[in-house]
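# A closer look at the structure
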Amino acid sequence: MWSRKTFGNTAKEIRKCQQQMKELMELEPTLDVVERMKATDARMEELERREEVYWHQHSRQDWIASGDKNTSFFHQKAKQREQRNRVQCIKNEAGTIFEDEDEIADCFADYFDNLFRSNLGGETDPVVNLVENMVSDDMAAMLAAPFRRDEVLFALSQMHPNKAPGPDGMNALFYQSFWNIIGEDVIDKVLLFLNNIDDIGAVNHTHLVLIPKKQHCESPVDFRPISLCNVLYKLVSKVLANRMKNVLPDVIHESQSSFVPGRLITDNVLVAYECFHFLRKKKTGKKGFLGLKLDMSKAYDRVEWRFLEKMMLKLGFPRGYVQLVMKCVSSATFSVLVNGQPSRRFTPSRGLRQGDPLSPFLFVLCAEGLSTLLRDAKKKKLIHGVKIGRRVSPISHLFFADDSLLFIRATEEEVDNVLDVLSIYEAASGQKLNMEKSEMSYSRNLELEKINTLQMKLAFKAVEGHDKYLGLPTYIGSSKKRVFQAIQDRVWKKLKGWKGKYLSQAGREVLLKAVAQAIPTYAMQCFRIPKSILDGIEKMCRSFFWGQQNNEKKMAWVAWEKMFLPKKEGGLGIRNFEVFNRALLAKQAWRLLSMPESLMARVLKGKYFPSRNLLDATINSSASFTWRSICSAKTFC
């Protein structure tokens, strides 16, 4: 290991310094002895700093800001991570079990080599021919302009300093710390790559680290491959991504919310909730509707490069920019990290890397192909979407990266048409629909016989309502406490597993703010959480902060209400959950006022206040829980 060869065994050196200090303290305190004690003390401080940085990075606790240093907490977390991620044995597709580390590495390499191997049998034209040129001349000029030095520097500033390093062993912290020494050389090298003068393949080797998807993993399919790229490559990729995301709002249809500036995940959640609320409440009428929740198997890993390139060119991206992006994608080589050791090297011919800054934006461009097919089918009246209000345009699909929702009429013809669209998209893009995880929900006016017929044709799992969409419930009935109890359970699980005895008071404060209080935030943006749930979470946080274990009682030295005050006023800036919930909902109301052309604003306005202002809107008896939640906070706008 480079660290061990360069710095030696730090723990052993610290013990050696401690022994030297002990011996010096027993001697007569002459001038020479005092100087040696100072030198030993300085050496110990440096070694302890290195040890602290090592365990901080090894524990992968990114929320650490201040409070705890090299304590047992980080040692415990590092050991837990190592035990959880260690692969003892693996079973290949033939059922053979491997226990030798070299054989395990070969098994993973064979699996991912096959997964990233292209299937060139698909026809891209049926999709690409429908795509329109969306990149204007000004956008194309911006994308094709010479790359600047300040773009490279800005890309470096965006990188997290302590993320796992690539094959070169260096993370962004090294470049950021020694930029005054290596900065000019790095910028010159990155610009050579960006200007197609040097071959980027030289720095584009990637380690695939394996993240377990479940507790007991048996085969390679149970692991998620995350790519660890070199910082030099990431700088090139980030500069390209920064330019691309400036044009995405004008290129990507409003039905796609992920990775597009100005659009939020909550936009999709609120629109989807209104659609499912409509399906749930529709109990009469001849026309029934279906909600299809699609699951794409290994979505990033199956993207065909040929389809991606043609999509970018047809959308209007400059050819030179497209060629540079495709070089970044196609010049990659892989080695799988198994228990810290890389496997044999192999070269992919399809797929996008999870961990490459470009990949999320490129996947969104691919998904635009499916969106184009669905919009074309809707235009030709092959599918109709769901119309949730008189003044709301029919909604046929909602995308968030690879999370896809489709809404169609509950007829055999529309089901056949949707399956044809999905088949064309699969053949062109390389995507593969996972029938076992895809689900079909339905409006309540459909007869059981028709539901069974449509379910057999789709081969999806039929459910009365999807449990969750993007991590939040799709329907909330009368028992709101039961629905949101899961949030309280998640907070309790975190607090219980943190082993508070390893943390100081300052460490508990940082952890409480950065993690425990962050868990309910996502749901708070869309729903007004019951007060009993918020009080329960607050009680758990209070007990954890004061160091209570199990049922024991600890002295609370300050009233909890004073903790809500800012630090400059004598508090700790801990959140008041009820007030924070109202503030987040008020932010949604403000988005309705400030962004009236967004899909979410148009849907809610068309359904609830078509001829009024938001502040004058009322709540009718059939209103959804999300709309009631937003209305409860609109007075704060």
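Please refer to the structure placed before this passage.
For the structure given in this document, a descriptive report is provided here. (Residues numbered from 1 in each chain as written. Predicted model: local features only at pLDDT ≥ 70, side-chain atom pairs only at ≥ 80, totals over all residues. Heavy atoms only, no water.)

## Points about the overall build of the protein
Of regular secondary structure, the protein possesses 25 helices and 13 strands. At 28 Å, the protein has a C-alpha radius of gyration in line with the 26 Å of a compact globule built from 637 residues. Sequence-distant contacts, at least 24 apart, represent 71% of the contacts inside the protein between residues at least 6 apart. Carbon and sulfur atoms make up 51% of the accessible area of the protein, which totals about 32,000 Å². (Helix = DSSP H or I, 4+ residues; strand = E, 2+ residues; numbered from the N terminus. Rg over C-alpha atoms; globule rule 2.2 N^0.38 Å. Contact = heavy atoms within 4.5 Å. Areas by Shrake-Rupley, 256 points an atom, 1.4 Å probe, with all protein chains shown as cover.)

## Structural notes on the sheet that holds strand E9 (residues 403-409)
In spatial order, the strands read E8-E9-E5-E10-E11; together these five strands make up an open sheet with mixed pairing. Of all strands in the sheet, those with a lone pairing partner are strand E8 (397-400) and strand E11 (461-462), marking the two edges. Direction of pairing for strand E5 (residues 289-295) relative to strand E10 (residues 439-442): antiparallel, over a ladder of four bridges. Counted as the bridge partner of Lys 293 is Glu 439 from E10. The strands that helix H16 (residues 412-429) touches are E5 and E9; relative to E9, the one it contacts most, it runs at about 150°. (Pairing = 2+ DSSP bridges. Axes fitted to C-alpha atoms, helices over the stretch in contact; angles between N-to-C directions.)

## Points about the pairing of strand E3 (residues 205-212)
The element E3 is extensively covered by neighbouring structure, given that six of its eight residues are classed as buried. Here five bridges tie E3 to strand E6 (residues 333-338), and the two strands are oriented parallel to one another. For His 205, the partnering residue across the bridge sits in E6 and is Thr 333. (Buried < 20%, exposed > 50% of the residue type's maximum accessible area, 1.4 Å probe, protein only.)

## Some words on the nonpolar core
Core analysis: the biggest nonpolar cluster contains 90 residues, and Met 244, Leu 290 and Phe 317 have the highest contact counts within it. Per element, the largest residue contribution to this core is twelve residues, and it comes from helix H11 (residues 231-251). Not counting residues up to four positions away in its chain, the partners in contact with Met 244 are Leu 143, Met 312, Phe 317, Tyr 321, Val 325, Leu 358, Phe 361, Leu 362 and Leu 365. Counting 65 residues, the second largest nonpolar core, distinct from the first, contains Phe 289, Phe 407, Met 600 and Ala 617. (Core = buried A, V, L, I, M, F, W, Y, C linked by side-chain atoms within 4.5 Å.)

## Here's the deal with the environment of Asn 129
Along the chain, the position of Asn 129 falls in the loop between helix H6 (125-128) and helix H7 (137-144). Residues Asn 129 and Lys 314 lie 185 residues apart in sequence; the distance between their C-alpha atoms is 8.0 Å.

## A few points about helix H13 (residues 305-315)
Every buried residue belonging to H13 is among Trp 305, Phe 307, Leu 308, Met 311, Met 312 and Leu 315, and all of these are buried. Down the axis, H13 shows its buried residues gathered within 160° of arc, on one side only. At its buried positions, H13 is contacted by H6, H11, helix H14 (319-330), helix H15 (359-379) and H16. Where H13 ends, the next residue or the one after it, Gly 316, has phi of about 110°, a positive value. (Arc of directions from axis to C-beta.)

## Description of the layout of surface pockets
Reported here for the second largest pocket is a volume of approximately 790 Å³. Taken together, 27 residues make up the lining of the second largest pocket; nearest its centre are Lys 213, Met 296, Ser 297, Lys 298 and Lys 437. Mapped by element, the contributors of at least two residues to the lining of the second largest pocket are helix H5 (101-115), strand E4 (223-228) and E5. Looking at the lining of the second largest pocket residue by residue, the class counts come to nine nonpolar, four polar and 14 charged. (1 Å grid on protein atoms, 1.4 Å probe; cavity = no way out; pocket = protein on both sides within 12 Å on 5 of 7 lines; lining within 4 Å. Points joined across faces, edges and corners; volume = space filled by probe spheres on them. Nonpolar A, V, L, I, M, F, W, Y, C, P; charged D, E, K, R; others polar.)

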